[in-house]
Amino acid sequence: MTEQIPTHIWLDSQIRRLSLLGHYVMIVRRGNPSSGTIILQCRYRDGTSHIYTQTRDATGELAWLTALSGNAVADRDADAYIRDAIAFDPDAWAVEIAWDNKGTVPFEGRIV
C-alpha cells in the first residue's frame, strides 16, 4: 500500500502540472485538506461531463470510480450529482477540468 499524501498537496501538484500543459482546472469546492475525497468533473465542449470519484484499488493504488453509470451526462445533471455528493460527504473536494479526451482521467490513477 502506498503512503497517502494529504489531499491539498496532491491536488495542488496535479493542478499545477495540468495548468502547465495548458488545461483549465478549477477547484469548485475545497474539502478536508488532509483526507477529503476528490470528485472530478471532466467537462467537454459538447455540454456533457463525466464524473469520477477518487478511491484506492485493492492494492492501495490510486484509482477513479465512474459515477452515473460511467456515462457522459448533461453538465446540469453532473452539477446536481456533485451537489448531492457534497451534501452526503462535506469533506469532499469538487474539481472541474475542461477536457477533450472522453473516458479518460487527467490525473494519475486508473479508472475502475
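See the structure shown above.
Residues numbered from 1 in each chain as written. Predicted model: local features only at pLDDT ≥ 70, side-chain atom pairs only at ≥ 80, totals over all residues. Heavy atoms only, no water.

## Concerning the packing of aromatic side chains
Remark: the centre distance and the inter-plane angle together describe each pair of aromatic rings, the angle taken between the planes.
Now for step 1: Inspection of every chain in the model, using the stated rule, returns three aromatic pairs.
Now for step 2: Their ring planes at 75° and their centres at 5.5 Å tell us that W10 and F107 sit as a pair that is edge-to-face. You can see W10 sitting in helix 1 (residues 7–20) and its partner F107 sitting in the loop between strand 6 (93–98) and strand 7 (110–111), a full 97 residues away along the chain. An identical accessibility class is assigned to W10 and F107; each is buried.
Now for step 3: Here W64 and F107 contribute two aromatic rings whose centre-to-centre distance is 5.9 Å and whose plane-to-plane angle is 35°, an arrangement assigned as tilted. One end of the pair, W64, is in strand 4 (residues 62–66); the other, F107, is in the loop between strand 6 and strand 7, and 43 residues separate them in sequence. The exposure classification of W64 matches that of F107, with both residues buried. (Phe/Tyr/Trp six-rings, centres within 6.5 Å; stacked < 30°, edge-to-face > 60°. Helix = DSSP H or I, 4+ residues; strand = E, 2+ residues; numbered from the N terminus. Buried < 20%, exposed > 50% of the residue type's maximum accessible area, 1.4 Å probe, protein only.)

## Some words on helix 2 (residues 75–88)
Now for step 1: Here helix 2 spans 20 Å end to end across 14 residues, near enough to the 20 Å set by a 1.5 Å rise per residue.
Now for step 2: Every buried residue of helix 2 is accounted for by D75, A78, I82, A85 and I86. All buried residues of helix 2 project into a common sector of 95° when viewed along the axis, lining one side. Seen from the buried face of helix 2, the exposed residues on the opposite side, beyond 90 degrees, are R76, R83, D84, A87 and F88. (Expected span 1.5 Å × (residues − 1). Arc of directions from axis to C-beta.)

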